[in-house]
Each structure stands twice: as structure tokens, then as C-alpha cells.
Amino acid sequence: MAEAGQFRDGIAARIARFDREGARRAAGLAEEERQRVLDLFPLESWGELDLEQYALGPDSRRSGLSFCRLMEYGTDNFGSIRGGSAAKHIVYQHRSGQWRVVPSALRGIEVEAAWVQVRSEFVTAFDAARKEAWELLDDLESLSYGQALTTKTLAVYFPGEFLPVFSAAHVRHFTALLGGRPRAYSSGVRTWRANRELLGLLRAYDEFKGWSPHEVMDYLYTFHDPRPQDRVVWKIAPGERASLWDDCLQNRRIRVGWDEVGSLVQYESDQELKAALDQHWPQSTGGNLRLARQMLAFRDLERGDLVVANRGKSEVLAVGTVVGGYAYEPGAQTHRHTVDVDWDTSYAQGFDAPRHAWQQTFAKVPAALLREIRHGRDRGGAGVSLPGSVGDTEGADKVRTMEKAVSAGSAPPDDELPDDVRRVRDLLEHKGQVVLQGPPGTGKTRLALNVALALAGHADLIEAPPAERAAVLARLSAVPPVPAVAEGAGEPEKARAARLTMVTFHPSYGYEDFVEGFRPDTAADGAGLHLTMRDGVFLQVCAAAEKAPDDIFLLIVDEINRGDLPRILGELITLLELDKRGSVSITLPASGRQRTVPTNVRIIGTMNSADRSVSHIDSAIRRRFAFLDVPPDLDALDGEVEGLGLAPLLEGLNERLDAHLGPDHLLGQAYLLSDDRPLATVEQLSHAFHHEIVPLVTDYCLGRPDMLRAVLGELVDDRTGRVVQTNPQDLPGMLAKVFVTAGITDEDDGPAEREWDRE
């Protein structure tokens, strides 16, 4: 967390570079939007405002703007609250026509009565704001379910009293930046209160005297943007073979189909959207969950995010910067889901080899590919920048910023870590220890090692070539040698441990191995053996951490659930809690020594969710660990073998495994990778399928031929109950017929033609 001094350092230079004139123009547009709200919904009218005037509902229900629709879609310049579902509006009409009330205390009454209560709280909030009795706002429980909307509403009617920043996370980020309430202690603070606290901190800066709130907001986002700089970059196809590209380019937007599901703001979860997709495209249920997640990511794109428009698998049309939020346009004939984008066509180029994942409408663009796209532009692409587009400087700077997480030479800033690494790092800071759980092959151990690199200041090597990663990890895992001066004195073994230590738990692993215990040792006179009290791995790490308090020491426990955790951890389970680190000590029963756990020790465990040979982790252990699911990563499988897409193959196989055996019995992407790259030949695919995938699936099915047949379909011989053997050249087609459904979609959102079906 940055301190207020860091915010002030260099502030004059930043203000000198700041485009304040542009910020003033934006503030003028924001004021026009605010006046429109005042004209349509005067403050004095709120006491009689009816539900349909207020609520967000299906676009076809009426032609007029509701208050919530105007606040979310008609006042972007004033400040955005786009993204997420309609639940932020407290009361809204679902796409099914049913009214939904978010506050649990109001769900048991008629919707009109619930609306009267919500409206009453809005009126009370306005009265409190007039009287500057801000403390009364915290008593309005219904409004607490829509804090972003409430804060923006108060800012519209009382513009001098709030900063136009309505995301709770962003407000807390800026507050901590200015030396206010740390984020760790502000989770229960309502957004309107936190917003006013931030405004008070900014008013103490003479540099911002005479600035409007919108100018200050623009300054904060320009130089201290709280959003992760490595947010996912999406490749989005503008229709089949880019049939909609001219429209998207001219109207500065990107459009996608699946119009039948209606506005995406009506969906509160990926499962709800998947159900709607299943209803309209039942033949493609195997891929609809992934599609649902991609569509919700499209809905939640934010200003400043990058998107890549493509034609086919080998052509980039442009790179664009999102400038407005999601909207659903019911008047359009097709492709009604839209996001506003400024396009830069100077990135237009072709690839030497096809990107097979680009067959789909949506695909993630890895940082390495984004770097390749920029290098293609730098070599002189055929495209020409358009007036008002990202341009030669801003667009290139944005792309370079998104690449920093993999740029060699310097570690990326804290907010540019890959999302999964940052998520684990944050859980470690909050809890001290994390268990990564998921099916085999999902990269749990690799993720743990990536976190180790980040904690050691080597995050720039997370996506480095394997040899470079391995060299750094080897150095982090090396136990320091005994200093020469200490050899004669016999420096205790407990004081030496690497910053990265890996162990694997198993049924015979015990307390003596992990904490301390008597172990056989050679007698000093060489005659026989005797028992010596030895520190286990964990106490060695703790002793080394005490000697280097400025370093983080990470212990990775592979297969953590295969050990008897209560026996292995013993009384140290109490000291794992962060509030007891470094302050509370316990007496070890074997040696009688007092020990504590230093604050700079972290533990990451990996757990195979499909392993049935392990016992249940008891509640005392679970309370002290954070648990994070690591699902299969289909985006890592950007490849195909003889026309068979590896991502659709794994997706279809996992859909069958999920249906028949449950979500703990899926397969990860590692089974279709070789040296971190997708399999490329039929021989590799045949080896992976017959010698790695089939044995594991057979084990999942407990030797039951009927279950194996249900999962692998016609690949299982009806007579023998065994998986048929086939020539490697024929395997891609056989796998496609079983696992790749007709619902795999290409750029026009329709069934994709498969090479093995072409005669």
C-alpha cells in the first residue's frame, strides 16, 4: 500500500503533464448528463416516483428511460457504474418478467410495498444530505444493497459533496493511497461514507484548489489507476469472417450475437446465463458454461481495457481501447450485444501460422501474443490510424503497459501480476496459508511456483522460457551453505532453510518430519546409533525466517490432503493464524522448547480434488487455510491436431465427466500439453490419450464398463468393455465425433464445419 508521502512526491510534475483542459471538457459533458437527470427526475418528485419510472427492466417493456437505466447507461461521463448484474439497482424486473427484490428483509412482501420502503430510504437519504447529517445514511439498510447506485445518486443531486468515483474498491484504493483508512480496515464502511472521506483527504491538497470533482477524478485515474494493468485482453470477432467490421469501425464499437438471451445485465451468475444458452442451443451444452463466462466478461469490460478484432484465425484487423460500457440494442437486426471501442487499425496484420483458438468469437490474448501483435505493428503494418483512435502513442503505450508482466529486465508493479498469482498472493496476505484445489493437471503446483517467483521479486519470469524459470527456482530452493566461521561451532541445522521449500505429504509423513522429533543418528564414536532431537522442515523454515525478517519464506506442500494433517501439524495449527504470528508461543512437548511462527512465513498447499484415498480435512484445519479452486484452463490449449481443436476436446470430455462423475473428476489442460505447448502431432495425441487420459478415466469409473462407456462413448468396445485401439491418424476424427459437439461456435455464432466432416 502506498503512503500519502508517495502520493505527494512528484505531484507537481504529474499535474504539469495532466491534460486538465481535456478533463474540463469531460466535466462539461458530465454536467450536461447530470442536468438531464434533474430534468427527468427532479428531487422533489421522488416521494411519488413509481416503480416503473425507477426500475431497470427488459428493454422491450417500455420506450422511456427509467431512472436506473439512465444512471447505468446514460451518464457514463458523470461516472460509470456499469458491469455486473442488475442486482445493484436493489429492485428490478428480471428478463422473465418477474420482479426481484435484493434486500433479504423485503423479499417476503409484495414488490410494490418493497419499492415503497426503498423509495422512502432514498428520500431519507436526500433529507440527510440537505442537513449534512451524513451519519444517518448508514442506518438505511436497503440502500446498502446498492451502494454504487446510491452514491452516484447522491452525487447527482449533491454534486459538491461527493467525488464521482462509485466503485467501493476504487474508493478504498485511493483512500489508502492518500494515507487514509487502510483497505484492511474499511471493508464494512459504506461506499458513500468512504467517498466523502476520500473527498476530505483531497481537499487538504492545495494543488487541487479550484478543481472540479471530475477533474480530480480524471487525475486519479490517469496517474493512480486502481485497476490491474494486466487485465485480460480479449480477441472478439466482429461477425463471420468479420462481416460486421465496417459497422464496428465506423460506429466505434464491437458487436456479438446470441441475441436470444436478451440483455446480459439480467444475469447474476454464469450458471443463470448458461441455463438460457442451454434453452436456445441445447445441442451445445458442453460449451455453454465457458461461453457464458466469456459473455459476462464481455459485459463487464471497463474503460481502458484492450480488445483485438480479427478476421479468421490469422488476421488482426485492429486493436481497440474500450471507451464505454456494455449495452443491448434491441433495435438491431443481429448482434445486439455491444461495447463502445476506439479502434487503431495501424495494428492490422497477418500471422505466419493460424491461431486455432481464434475460431471462436471470444478468445483470451496472452501477453506474449499481444507483444507479437505490437511488434507486427512496429514493423510497419498496412493499416492507417483513424482520427480519434488510440493513435500512434497512446495505443502503443497501452499495449506496452499490458505487456509489462512478461517484459524481461524488471519485475512488474504489484497491480500487474497475473490475476491468478495476485489472487493467491492476496489470500496469503490475508490468511497466511492457502490450499490450491482442483482436478489433476490444472497447474496447481505451477501456480504455487509462480507465486514463489512473485514473492521473491521475480514476477517478470513467470512467463519466461522454462530454462530461465528453472534456474531462478533452483536458486530460491537452494539451502544456504554453513558459513565457514560456524563450521567448528556446529551451527544448528535449524537456522538454514531456503526461501522456497517444497515437501510432499503422504500417509507415512508425520509430526517428526514436519515439526520435531527424535531421529536415528550415528554415535560420535562411530559405534552404533542413538536418537537425536531434530527440527522438522517447518521449524527449519521458521528459524531461517526469524534471521531474515525482510524476506518472505514460502513452504509449498504438494498433495497436502494425502497426509494426516492434525497429526503432522500438531499444536502448531494454533500458531498459523496471522494474529498469533510472532506474538504467541507454545511449548513443544517433545523438546520442551518454546516456539512461535514468524510473520514472514507463508504456506501453499496443493490438493487433488479427485483423490479418493485421502480423508476429509477437518474444520480446525479448514478455518486456518484459505481454499482456492484451480479449474482447467482451456485458453492454454490454443492448438489443434489434424483439425481437432484441443480446447473443444477437453471441454467435451470434461462435460461428460462432470455429468457422470461430478466436478471433482475433471481433467486439466496439462494432459494435452508438452513442454508448456499444446500437442501438435497425432502421435503425441495418441500417447496422451491412451497412456495418460484413459487410465485416469478408467480409475475414475472404478472399473465399471457401463460408466466408462457413458463417459467415452463409442471409444469403448461393447463386447470387452475396453477402450478400442486405433491408428493414431484416425484418432482425431474419433475423438471429435464423441467429444466435440455440433454446438462449437465459430465467428458467426453458428455450428462450425469440421475438417473430418468434409468429403
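Located above this text is the structure these notes cover.
Residues numbered from 1 in each chain as written. Predicted model: local features only at pLDDT ≥ 70, side-chain atom pairs only at ≥ 80, totals over all residues. Heavy atoms only, no water.

K.L.:
Report on the overall build of the chain, specifying residues and quantitative values.
P.N.:
Secondary structure assignment for the chain yields 27 helices and 22 strands. Taking all 759 residues of the chain together, the buried fraction comes to 52%. In the chain, 68% of the contacts between residues at least 6 apart in sequence involve partners at least 24 apart. Split by element, the accessible area of the chain, about 33500 Å² in all, is 49% carbon and sulfur. (Helix = DSSP H or I, 4+ residues; strand = E, 2+ residues; numbered from the N terminus. Buried < 20%, exposed > 50% of the residue type's maximum accessible area, 1.4 Å probe, protein only. Contact = heavy atoms within 4.5 Å. Areas by Shrake-Rupley, 256 points an atom, 1.4 Å probe, with all protein chains shown as cover.)

K.L.:
Which residues make up the packing of aromatic side chains, and what values do they have?
P.N.:
Tallied over the entire structure, the rule returns 32 aromatic pairs. Both rings, one in phenylalanine 505 and one in tyrosine 509, keep their centres 4.9 Å apart while their planes meet at 35 degrees; by these two values the pair is tilted. Neither phenylalanine 505 nor tyrosine 509 differs from the other in exposure class; each is buried. Three or more aromatic residues joined by ring pairs make a cluster, and in this case those are Phe41, Trp46, Tyr54, Phe67, Trp115, Phe122, Phe126 and Tyr157. Above the plane of the ring of tyrosine 347 lies arginine 377, whose end atom (NZ or CZ) is 4.5 Å from the centre. (Phe/Tyr/Trp six-rings, centres within 6.5 Å; stacked < 30°, edge-to-face > 60°. Lys NZ or Arg CZ within 6 Å of the ring centre and 35° of its normal.)

K.L.:
Explain the pattern of salt bridges to me, and be specific about the residues and the numbers.
P.N.:
Scanning the model with the defined rule gives 37 salt bridges in all. Where aspartate 535 meets arginine 593, a salt bridge forms, and the shortest distance between an N and an O atom there is 2.6 Å. A residue pair is termed long-range when its members are at least 10 positions apart, and aspartate 535 in strand 13 (residues 529–535) and arginine 593 in the loop between strand 15 (586–587) and strand 16 (594–595) qualify at 58 residues. Aspartate 535 sits in the buried class, given a relative accessible area of 15%. A salt bridge links glutamate 577 to lysine 580, with the shortest nitrogen-to-oxygen separation between them at 3.3 Å. Note on glutamate 577: relative accessible area 24%, which makes it partly exposed. In the salt-bridge network here, residues are joined through shared partners; they are Arg20, Glu21, Arg24 and Glu215. (Salt bridge = Lys/Arg side-chain N within 4 Å of Asp/Glu carboxyl O.)

K.L.:
Can you explain the packing of helix 8 (residues 168–177) against helix 9 (residues 191–203)? Please cite residues and give values.
P.N.:
Their axes nearest at 9 Å, the elements helix 8 and helix 9 cross at an angle of 30 degrees. Relative to helix 9, the element helix 8 lies roughly parallel. Between helix 8 and helix 9 lies a crossing whose hand is left-handed. Each of Ala168, Val171, Phe174 and Thr175 in helix 8 lies in contact with helix 9, whose residues at this interface are Thr191, Ala194, Asn195, Glu197, Leu198 and Leu201. The residue makeup of the contact of helix 8 with helix 9, split by class, is six nonpolar, three polar and one charged. (Axes fitted to C-alpha atoms, helices over the stretch in contact; angles between N-to-C directions. Parallel < 35°, antiparallel > 145°, perpendicular 65-115°, else oblique. Left-handed = near helix turned anticlockwise from the far one by under 90°. Nonpolar A, V, L, I, M, F, W, Y, C, P; charged D, E, K, R; others polar.)

K.L.:
Which residues make up the pairing of strand 14 (residues 553–558), and what values do they have?
P.N.:
Burial analysis of strand 14 places six of its six residues in the buried class, which makes it a mostly covered element. Where burial is concerned, the two faces of strand 14 agree: the one with Phe553, Leu555 and Val557 and the one with Leu554, Ile556 and Asp558 are both buried. Judged from the five bridges that link them, strand 11 (residues 500–504) and strand 14 form a sheet pairing that is parallel. Bridge assignment links leucine 500 to a residue of strand 14, and that residue is leucine 554. Where strand 14 and strand 17 (residues 601–608) come together, five bridges link them in parallel fashion. (Pairing = 2+ DSSP bridges.)

K.L.:
Requested: an account of the sheet that holds strand 14, with residues and values cited.
P.N.:
Taken in spatial order, the five strands make up an open sheet running 11-14-17-10-18, and their pairing is parallel. For this open sheet the edge positions go to strand 11 and strand 18 (626–629), each flanked by a neighbour on one side alone. The mean angle between the axes of side-by-side strands here comes to 20 degrees, regardless of whether they run parallel or antiparallel. Of the strands in this sheet, strand 10 (433–438), strand 17 and strand 18 touch helix 16 (residues 419–431), which is tilted by about 140 degrees from strand 10.

K.L.:
Outline the side chain of asparagine 600, supporting the account with residue identities and numerical values.
P.N.:
Mapped onto the elements of the fold, asparagine 600 is located in the loop between strand 16 and strand 17. Only 3.1 Å separates the side chain of asparagine 600 from the backbone oxygen of alanine 545, close enough to count as a polar contact. A polar atom in the side chain of asparagine 600 sits 2.8 Å from the backbone oxygen of aspartate 551. Excluding its chain neighbours within four sequence positions, the residues that come into contact with asparagine 600 are Ala545, Ala548, Pro549, Asp551, Ile552 and Phe553. (Polar contact = N/O pair within 3.5 Å; in protein donor to acceptor, adjacent residues only side chain to side chain.)

K.L.:
Give a description of the nonpolar core that names residues and reports values.
P.N.:
What tends to happen in soluble globular proteins is that the nonpolar side chains get buried as a cluster. By size, the foremost hydrophobic cluster in this structure holds 81 residues, and its most contacted members are Trp46 and Tyr54. If one sorts the elements of this core by residue count, helix 6 (residues 111–130) sits on top with nine residues. For tyrosine 54, the residues in contact, after removing those within four places along its chain, are Trp46, Leu49, Ser66, Phe67, Cys68, His89, Ile90, Val91, Trp115, Phe122 and Leu149. Within the second largest apolar cluster, 39 residues are counted, among which are Leu666, Val694, Ala736 and Val738. (Core = buried A, V, L, I, M, F, W, Y, C linked by side-chain atoms within 4.5 Å.)

K.L.:
How would you summarise the packing of helix 7 (residues 147–157) against helix 9 if you had to cite specific residues and measurements?
P.N.:
One way to put it is that helix 7 packs onto helix 9 with a least axis distance of 8 Å and a crossing angle of 50 degrees. The angle between helix 7 and helix 9 falls in the class oblique. Contacts between helix 7 and helix 9 involve Gln147, Thr150, Thr151 and Leu154 from the first element and Thr191, Trp192 and Asn195 from the second. Classifying every residue of the contact of helix 7 with helix 9 by side-chain character gives two nonpolar, five polar and no charged.

K.L.:
Would you mind going over helix 8 in detail, with residue names and values included?
P.N.:
A large share of helix 8 lies buried, amounting to eight of its ten residues. Buried within helix 8 we find His170, Val171, Arg172, His173, Phe174, Thr175, Ala176 and Leu177. Downstream of helix 8 by one or two residues, glycine 179 has phi in the positive range, about 85 degrees.

K.L.:
Could you give an account of the environment of arginine 622, naming the residues involved and the relevant values?
P.N.:
Structurally, arginine 622 is set in helix 23 (residues 619–624). Residue arginine 622 is classed as partly exposed on the basis of its relative accessible area, which comes to 32%.

K.L.:
Account for the environment of methionine 217, naming residues and giving values.
P.N.:
As for its position among the elements, methionine 217 is in helix 10 (residues 213–223). Not counting residues within four places of it along the chain, the set of residues in contact with methionine 217 comprises Pro164 and Val165.

K.L.:
Residue-level account of unusual backbone geometry, with values.
P.N.:
Positive phi outside glycine occurs at arginine 252, with the angle close to 55 degrees. Tracing the sequence through the fold places arginine 252 in the loop between helix 11 (245–250) and strand 4 (253–256). Of note, the phi angle at tryptophan 258 is positive, near 60 degrees, even though the residue is not glycine. Relative to the elements of secondary structure, tryptophan 258 occurs in the loop between strand 4 and helix 12 (270–280). Take tryptophan 258: its relative accessible area is 4%, and that puts it in the buried class.

K.L.:
Explain helix 26 (residues 705–712) to me, using residue names and the numbers behind them.
P.N.:
Every buried residue of helix 26 is listed here: Met707, Leu708, Val711 and Leu712. Each buried residue of helix 26 sits inside an arc of 115 degrees when the element is viewed along its axis, so together they form one side. Looking at the buried residues of helix 26, the elements they touch are helix 24 (646–661), helix 25 (682–700) and helix 27 (731–739). (Arc of directions from axis to C-beta.)

K.L.:
Please set out the environment of aspartate 618 residue by residue, giving values where relevant.
P.N.:
Turning to its location among the elements, aspartate 618 is positioned in the loop between strand 17 and helix 23. Taking the relative accessible area as the measure of exposure, aspartate 618 reaches 30% and is therefore partly exposed. Taking the C-alpha atoms as reference, aspartate 618 lies 8.2 Å from proline 566; in sequence the two are 52 residues apart.

K.L.:
Give a description of the side chain of aspartate 558 that names residues and reports values.
P.N.:
If you trace the backbone, aspartate 558 turns up in strand 14. Lysine 444 is the oppositely charged side chain nearest to the buried, salt-bridge-free aspartate 558, at an N-O distance of 7.5 Å. Only 2.4 Å separates the side chain of aspartate 558 from the side chain of threonine 606, close enough to count as a polar contact. In this structure, aspartate 558 is in contact with Thr445, Val503, Thr504, Phe505 and Thr606, ignoring residues within four places of it in sequence. (Lys, Arg positive; Asp, Glu negative; His and termini not counted.)

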